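This is what each chain is made of:
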Amino acid sequence: MDIDIEQCKENDKIKEIISTSGLPIKHIKLLLRLSDTIYINGMNYNVNIDDNIVTILLISSKPDNVNGVFNTYPIANILDKLRLMEKENDDLKTHCEVESDLFKILIEIIR
């Protein structure tokens, strides 16, 4: 996924991508809550939605803004929110990958 620097800076742009994704309303609401959690925890990130796969690419923690540098407390908050989402919704499958200094969260929506 290409890193869109402008998307990282504007949470509203990410919310627009999620809202216009064509996913069911239930999943849009869940992703918007996750987006708020990421934003509140001071993380630079991008979102890509391709059919039923949502890719969230965590790039760095603010205010350092150095690719691949993350503060542990915000990462723990985000992963906890993700865990709760998956636990409460059997139609979500999640996993995480580390790719070149970036932390990738993959969410599969089972239809």
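The structure we're discussing is the one just above.
Overview of the structure.

About the cut-offs
Residues numbered from 1 in each chain as written. Predicted model: local features only at pLDDT ≥ 70, side-chain atom pairs only at ≥ 80, totals over all residues. Heavy atoms only, no water. Pairing = 2+ DSSP bridges. Helix = DSSP H or I, 4+ residues; strand = E, 2+ residues; numbered from the N terminus. Axes fitted to C-alpha atoms, helices over the stretch in contact; angles between N-to-C directions. Contact = heavy atoms within 4.5 Å. Salt bridge = Lys/Arg side-chain N within 4 Å of Asp/Glu carboxyl O. Buried < 20%, exposed > 50% of the residue type's maximum accessible area, 1.4 Å probe, protein only.

Okay, the sheet that holds strand β1 (residues 43-50) next. Strands belonging to one sheet form pairs held by backbone hydrogen bonds; the direction of such a pair is parallel or antiparallel. Pairing is antiparallel across the open sheet formed by four strands, whose spatial order is β1-β2-β4-β3. Of all strands in the sheet, those with a lone pairing partner are β1 and β3 (92-99), marking the two edges. Across the sheet, the axes of successive neighbouring strands diverge by a mean angle of 20°, strand direction being ignored. Bridging between β1 and strand β2 (residues 53-61) involves eight bridges; their strand directions are antiparallel. The residue of β2 that forms the bridge with I49 is V54. Packed onto the sheet, helix α3 (residues 25-40) meets β1, β2, β3 and β4 (102-109) and runs at close to 160° relative to β1. Of the strands in this sheet, β1, β2, β3 and β4 are in contact with helix α4 (residues 72-88), which crosses β3 at around 155°.

Glancing now at the pattern of salt bridges. Inspection of every chain in the model, using the stated rule, returns four salt bridges. As a salt-bridge pair, D36 and K15 come within 2.6 Å of each other at their nearest N and O atoms. Here D36 is found in helix α3, whereas its partner K15 is found in helix α2 (residues 11-19), with 21 residues between them in sequence. A relative accessible area of 27% places D36 in the partly exposed class. Looking at K15, the relative accessible area reads 24%, which means it is partly exposed.

Functional significance is not addressed by these values, which are geometric in nature.
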